Amino acid sequence: MKNIVFIAPPAAGKGTQSKKICSFYKVPHISIGDLLRDISTDTEEGKYIAQQMKQGILVKDETIAHLLEERLQKEDCVNGYVLDGFPRNKEQAIIYDKMLSKLGKKVDIALYLEIEYEALKDRIAYRVSCPNCGHVFNTRIDTLKPKKEGLCDHCHHILTKRSDDNEDSFKKRWNTYQTETEPLIDFYKQKNILHPINSMQTADEIFKEILQILEEGAS
Ligand code: AMP
C-alpha cells in the first residue's frame, strides 16, 4: 500500500478519513494523538505530554519520532498503515523521510484536507468520541450523529468529549496548525505529491475522492 500523510487542521476529519482508509485496505490506523493519550500521566514525561496536548501545543519531535518508530516496528504494519497526525511540522516530515528511506520507501501521497476556520469551530463544539474504540461522532451533523444518543455505534461505550475540544484549546491548535503544519503544503507540493481535497463535503464524499486519488496512485 502507498505511504500516505495527511495535512489537516484540527477537526477537519483526518481521524475519520484515516479510519475509513484503514478499514478499506485492512491496515492499522496509527493516530499519534491516541498514542499520546494512552501514555500514563504518572511520570514526569506523561505529565508534560498531557499538558502540551491540553494547551494545543505540539509535543517534542524526538518524543514523537521515538513513539512512531516503535509503533511502526510492530508486525501489523508490514502490509502498510495509515498515519493520522504525523508529520505535523517540517522537522517531522524530514525525520519521516529519513525513517522511510532506511527502508527503501518514501511518502507517496499527501492528502490536504482544506476547510474554513468557522466550519471547524462548529465541529469542535459538537464533537464527541468513543474512549474505547476511538470512533468520532458529531451531535449536530445528521450523517455523523450516534444512532443512540451518548453511545458509540460500534462498541456501545459511553461517548465523551476530548479535553482539548473547547474553544480556547481549539484557537491554540489552529494557531499551531497555521505556524507549524501549513508549511508542509509547500513541502509536499514541491515533491509533486500534494492532493488538496475540499473538506466541506460529507465524510462519505471526501472518502470517495480520497479513494480515487489512492487508486490512481496505486502501483
Ligand atoms: P490529534 O488527536 O491529532 O488532534 O492531536 C492531539 C494533540 O496531540 C495535538 O494538539 C498535539 O498536542 C499532540 N500531537 C499529535 N500529533 C502530534 C505530532 N505529530 N507532533 C507533536 N504533537 C502531536
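Placed above this text is the structure.
What counts as what
Residues numbered from 1 in each chain as written. Predicted model: local features only at pLDDT ≥ 70, side-chain atom pairs only at ≥ 80, totals over all residues. Heavy atoms only, no water. Near = heavy atom within 4 Å. Polar contact = N/O pair within 3.5 Å; in protein donor to acceptor, adjacent residues only side chain to side chain. Helix = DSSP H or I, 4+ residues; strand = E, 2+ residues; numbered from the N terminus. Nonpolar A, V, L, I, M, F, W, Y, C, P; charged D, E, K, R; others polar. 1 Å grid on protein atoms, 1.4 Å probe; cavity = no way out; pocket = protein on both sides within 12 Å on 5 of 7 lines; lining within 4 Å. Points joined across faces, edges and corners; volume = space filled by probe spheres on them. Expected span 1.5 Å × (residues − 1). Buried < 20%, exposed > 50% of the residue type's maximum accessible area, 1.4 Å probe, protein only. Arc of directions from axis to C-beta. Contact = heavy atoms within 4.5 Å.

Trainee: I'd like a description of the site of the ligand, backed by residues and values.
Mentor: What surrounds the ligand is a group of 17 residues, the closest being Lys14, Arg37, Ile57, Gly85 and Gln92. The backbone of Gly85 places a nitrogen or oxygen atom 2.7 Å from a nitrogen atom of the ligand. Between the ligand and Gln92, the relevant distance is 2.9 Å, taken from a nitrogen atom to a side-chain nitrogen or oxygen of the residue. Sorting elements by how many residues they give to the shell around the ligand places helix H2 (residues 32–37) first, with four residues. The residue makeup of the shell around the ligand, split by class, is eight nonpolar, three polar and six charged.

Trainee: Please set out the environment of Glu75 residue by residue, giving values where relevant.
Mentor: Note that Glu75 resides in the loop between helix H4 (61–72) and strand S3 (82–84). In the structure, Glu75 is positioned 41 residues away from Glu116 in sequence and 38 Å away in space, judged by C-alpha atoms.

Trainee: Can you explain the layout of surface pockets? Please cite residues and give values.
Mentor: Gaps left between atoms are located by rolling a probe of water-molecule size over the structure's atoms. Considered as a void within the structure, the second largest pocket measures approximately 390 Å³ in volume. Lining the second largest pocket are 15 residues, with Thr16, Lys20, His135, Leu144 and His154 sitting closest to its centre. Mapped by element, the contributors of at least two residues to the lining of the second largest pocket are helix H1 (14–25), strand S6 (136–138) and helix H9 (203–216). Of all the elements, H1 adds the most residues to the lining of the second largest pocket, at four residues. Here the residues of the lining of the second largest pocket sort into four nonpolar, six polar and five charged.

Trainee: I'd like a description of helix H7 (residues 167–181), backed by residues and values.
Mentor: Between the first and last C-alpha of H7 there are 20 Å, a value that for 15 residues agrees with the 21 Å anticipated at 1.5 Å per step. Looking only at H7, the buried set comprises Ser169, Phe170, Arg173, Trp174, Thr176, Tyr177 and Thr181. Across the axial projection of H7, the buried residues extend over an arc of 160°, all falling on one side. Set apart from the buried face of H7 by more than 90 degrees, the exposed residues are Asp168 and Thr179. Buried-residue contacts for H7 involve strand S1 (4–7), helix H3 (44–55), strand S4 (109–114), helix H6 (117–125), strand S5 (127–129) and helix H8 (183–190). Its side-chain oxygen placed 3.2 Å from the backbone nitrogen of Asp168, Asn166 serves as the N-cap of H7.

These results come straight from atomic positions and should not be treated as a statement about function.
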